[in-house]
Structures are given as C-alpha cells and as structure tokens.
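# A closer look at the structure
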Amino acid sequence: MWDRLWINARLATMVSDGYGAIPEGAIAIAGDRIAWVGRQVDLPGALDRLAASVEDAGGAWVTPGLIDCHTHLVHGGDRAREFAMRLHGASYEEIARAGGGIVSTVAATRAAAEEELLASARKRLDALAVEGVTTVEIKSGYGLDLSTEAKMLRVAGRLGQESRLRVRRSFLGAHAVPPEDRDQPERYLDRVIDEMLPAIARDGLADAVDAFGEKIAFSPVQVERVFRAAKALGLPVKLHADQLSDQDGAALAARFGALSADHLEYTSESGAKEMGRAGTVAVLLPGAFYFLRETQLPPVGAFRRHGVPMALATDNNPGTSPATSLLLMLNMGCTLFRLTPEEALAGVTRNAARALGLADECGRLAPGLAADLVFWDVDDPAELSYRIAYNPCRAVIRAGRSV
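Small disclaimer: the values here were computed from a predicted structure and weren't measured.

Moving on: helix α4 (residues 102-111). Along an α-helix, residues three or four positions apart point the same way, because every turn accommodates 3.6 residues. For α4, the full list of buried residues reads Ile 102, Val 103, Thr 105, Val 106 and Thr 109. The arc that holds every buried residue of α4, seen down its axis, measures 150°, which confines them to one face.

The next thing to look at is the pattern of salt bridges. In total, this model carries 29 salt bridges according to the counting rule given. In this structure, Asp 32 engages Arg 33 in a salt bridge whose closest nitrogen and oxygen atoms are separated by 3.5 Å. Arg 33 sits in the partly exposed class, given a relative accessible area of 25%. For Arg 387, the salt bridge identified is with Glu 383, shortest N-O distance 3.1 Å. Relative accessible area serves as the criterion here: at 35%, Arg 387 is assigned to the partly exposed category. The network of salt bridges with common partners includes Asp 32, Arg 33, Arg 166, Glu 361, Asp 372 and Arg 398.

The strand order across the open sheet built from eight strands is β6-β7-β8-β9-β10-β11-β12-β13, with neighbouring strands paired in parallel fashion. What marks the edges here is a single partner per strand, and that holds for β6 (66-68) and β13 (310-312). Going from strand to strand, the sheet's axes swing by 25° on average, the running direction of each strand aside. Bridge count for strand β12 (residues 281-284) against β13 is three bridges, and the pairing is parallel. Pairing of Leu 284 across the sheet is with Leu 312, part of β13.

Parameters and conventions
The residue numbers shown here count from 1 along each chain, following its written sequence. In keeping with the model being predicted, local features are shown solely for residues with a pLDDT of at least 70 and side-chain atom pairs are shown and tallied solely at 80 or more, while totals for entire chains, interfaces and linings include all residues. Note that the side-chain values use all heavy atoms of the structure and ignore hydrogens as well as water. Relative accessibility thresholds used throughout: buried, under 20% of the residue-type maximum; exposed, over 50%; partly exposed, between the two (1.4 Å probe, protein chains only). Runs of E in the DSSP output that reach at least two residues are strands. Runs of H or I that reach at least four are helices, and both are numbered from the N terminus. The directions considered for the arc run from the helix axis to the C-beta atoms. Note on definitions: salt bridges are taken to be side-chain nitrogens of Lys or Arg within 4 Å of carboxyl oxygens of Asp or Glu. Any two strands with at least two DSSP bridges between them are considered paired. Lines fitted to C-alpha atoms define the axes here, with helix axes fitted over just the stretch in contact, and angles between the N-to-C directions of these axes take values from 0 to 180 degrees.

Right, here's the structure in full:
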C-alpha cells in the first residue's frame with residue numbers, strides 16, 4: 001500500500017509546457033517518493049486498498065515544492081545604509097568602489113560567530129519555507145578567506161538539517177577581491193584556486209562553484225581559471241553573468257557547460273544562443289533588478305527563441321535584493337520581465353531544479369521523484385503570480401513528511 005493518497009486534487013504537475021494540469025486528479029506517495037499521479041478516475045483499485053491514509057485535498061491546487069535556486073542567505077549584518085546612499089544618487093559601482101558593497105558584508109560575516117550566522121539565516125529561510133519553498137540554494141562568498149567561506153557553507157548545511165528542507169551549497173570564493181588583496185587580485189585568485197577550492201571540495205562543503213563575472217569583480221579570463229579548477233575537482237559551475245555590462249558571460253558559462261548563468265540583463269543574442277545549445281539555465285533575478293532600479297531588461301525574447309530554460313529566484317542578499325518571498329518573484333517576473341504565469345511557475349519548479357542539477361530529483365509531480373508537494377488555496381495557478389503580498393499556501397510536504 002502507498003503511505004498517503006490525496007484525492008479531489010487539482011494538479012499542476014509541471015511535467016510539460018504550461019502547468020501540465022490534471023483538473024480532477026489524485027497523487028500518492030510512498031516513503032519520500034511520489035508513487036502515483038493521474039486522474040482520480042484512473043486510480044488502480046478501491047481507495048481503502050490503495051493507501052494507509054486517504055485524504056481529501058478539497059479541490060486545492062497541488063504543485064511541486066517551490067525551489068529558490070539563487071540565494072545568499074548566510075551573511076552577517078545588513079546594508080540599509082547603502083540603500084539610503086543609492087536613494088541619494090550613488091550607483092552600485094560607486095558604492096562598491098568606495099569600500100561598500102560586498103566587502104562591507106565580508107567584514108560583518110568574518111566577525112560573526114557560526115551560531116550568530118545560523119540564527120539570522122534561519123529567519124530568512126523560515127520566511128521562504130512558509131510560502132512553499134522546499135529546496136533552496138545557498139552561496140558562500142562573504143568570507144573571501146578559507147575559514148569564513150567554510151563557516152558559511154557549514155551553516156548552510158546545518159540549515160538544511162534543522163529545517164528538513166533540501167539545501168544545495170555553492171562555493172562563491174570568486175565573488176569579490178578582499179580588502180587585504182585589493183591591489184593584487186591575481187594573488188587572491190591564486191588562493192581561491194590553490195587553497196580554498198581544494199579544501200572545500202575535500203570536505204564536501206559545496207555542490208557547485210560560482211563566480212561573479214563583471215567589471216567590478218572578475219574578468220572572463222579570471223573566471224575561466226576558476227572554472228577549470230572546479231571542473232578538475234569534479235564540481236559543476238554557475239556564473240553571475242552580464243548583470244551590469246555585457247562581459248560575454250553567458251557564452252563563457254555555456255562553454256563550460258554551466259548549470260546556470262544568473263542575472264543576464266546585458267546578455268547578447270549570441271550569448272543566449274550559446275546557452276540554448278549548452279542547456280544552461282537562465283536564472284532571472286527580478287528582485288535585484290527592482291531594488292537597483294535597473295532599466296536594462298534581460299533578453300527574455302532571445303531566451304525563448306533559442307530554447308533557453310528560464311528560472312526565477314529571490315537572490316536574497318543584504319545589498320541588492322533583501323527579498324524573502326519567492327511568490328513575490330513570480331509576480332515581478334511577470335510584471336517586470338513579461339514572463340507568462342506558466343513560465344514563472346516553471347521557473348520556480350522544473351527549471352529551478354535543472355539550474356541546481358536536480359532535474360531528476362524534484363521540480364515536477366511524477367512517479368519516482370521526491371515527494372515535495374505544496375497545497376494552495378487558489379482557483380487557478382495563475383493566482384500565484386497575480387497576487388502581491390498574499391500567501392495562499394495551505395500545506396507543505398517535504399520528502400513525504402508534513403513541514
């Protein structure tokens with residue numbers, strides 16, 4: 001017998017274009033896996049013989065657990081002062097060059113104890129979880145030395161253990177040049193490649209390696225060095241690409257078979273084409289776009305033309321997207337970037353799973369995949385993108401257990 005069976009459900013399976021909807025559906029789980037999905041009339045037997053527990057979903061829409069595939073949840077301090085500076089006219093680049101930006105968070109994160117980082121990140125993770133998030137990616141990158149980078153990744157791992165959410169960790173040592181190496185970026189990059197990366201890989205602290213490719217961060221040549229080292233250690237790569245200028249980051253990510261390229265406001269048509277060929281996911285981050293008051297839209301049309309899967313994420317971070325609502329990103333993705341509601345929901349389910357290398361694990365309602373389900377009190381899945389500051393989440397199942 002199955003462990004649990006829900007009947008009278010409306011399923012957004014996300015297994016195909018659109019919602020993959022089954023309006024009069026049923027779904028069953030056994031252990032931590034989905035065992036059966038389909039029309040209720042096609043159930044293979046009497047209800048009392050199929051499952052230990054049969055539950056009426058009451059017409060709720062059921063989706064896969066939501067996936068936030070780009071966050072910087074673990075960090076010390078905040079940057080509210082810089083927010084005020086921007087409102088007085090300072091640009092993101094001006095703030096960074098004046099010693100603000102990432103390096104200010106580095107100082108706060110280095111000074112914070114592990115328990116302190118855990119407590120602050122837990123609040124941000126809880127805010128995501130109550131909106132149906134069952135998988136989250138968490139990056140390092142605010143340590144810029146081995147001890148702090150490892151501390152951040154350990155905290156990310158503990159968050160997953162405590163919350164029972166699935167946490168994927170990305171090592172982002174190539175996020176910025178630390179103050180002690182301000183005039184010698186190559187020296188710092190040598191440490192990332194020769195010291196930090198091998199230690200992180202040896203201790204199993206990361207599932208992927210990320211980098212920030214930009215004029216104020218690392219050049220394409222420098223990013224290539226990091227990517228080659230990551231690949232040699234068997235770690236997949238990701239890239240913060242083309243956020244503030246076209247550095248040909250999308251094409252660079254594609255050449256290395258990156259899981260994803262993220263931001264992408266300035267990506268060219270040719271870059272989108274290369275991503276389509278490589279199967280690299282475009283992770284769009286409308287929270288940062290909104291918070292920085294950007295006007296350069298990511299090339300959504302080019303991504304559609306070249307078959308690039310598009311994901312959405314909060315980019316939760318203290319400087320450019322202090323957002324803890326993935327549902328809000330659905331609305332922003334539609335209103336700011338003109339995604340359809342179907343594209344937006346795919347962007348936080350099946351395409352987000354692909355961006356984390358988890359396409360065969362989660363992001364869809366299909367037999368054999370993880371039993372990560374969210375029950376929504378909505379009449380149409382489009383409501384998840386339509387409403388603002390509204391949470392219709394009724395219940396969450398993660399790996400077969402109620403969260």
